[in-house]
Amino acid sequence: MDSILGIEIYPIFSLLVFFIFFSVLILWAVSAKKEYFSSVSHLPLEDETPGEEADLFKIKPSDK
């Protein structure tokens, strides 16, 4: 690795990308509205009614 010119920039660049990405992610999470997180947390449960299976597992008459 020592024989490759300019190799020392890759770890610095990777650390910079990592730091910027997670800094932006943390800023977004802190500044996001609490209503957004509340509505998104209930999304997987809204389509089904209690006691009913998801549509993916139902057999349709055309599938016979």
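Refer to the structure above for everything that follows.
Residues numbered from 1 in each chain as written. Predicted model: local features only at pLDDT ≥ 70, side-chain atom pairs only at ≥ 80, totals over all residues. Heavy atoms only, no water.

This part takes up the packing of aromatic side chains. All chains considered together, the criterion is met by five aromatic pairs. Relative to Phe 22, the ring of Phe 21 lies with its centre 5.0 Å away and its plane at 85 degrees, an arrangement referred to as edge-to-face. Ring geometry for Tyr 36 against Phe 37: centres 5.7 Å apart, planes inclined by 65 degrees, an arrangement best described as edge-to-face. On the basis of relative accessibility, which here comes to 43%, the residue Tyr 36 falls in the partly exposed class. Phe 37 gets classed as partly exposed once you look at its relative accessible area, which sits at 33%. (Phe/Tyr/Trp six-rings, centres within 6.5 Å; stacked < 30°, edge-to-face > 60°. Buried < 20%, exposed > 50% of the residue type's maximum accessible area, 1.4 Å probe, protein only.)

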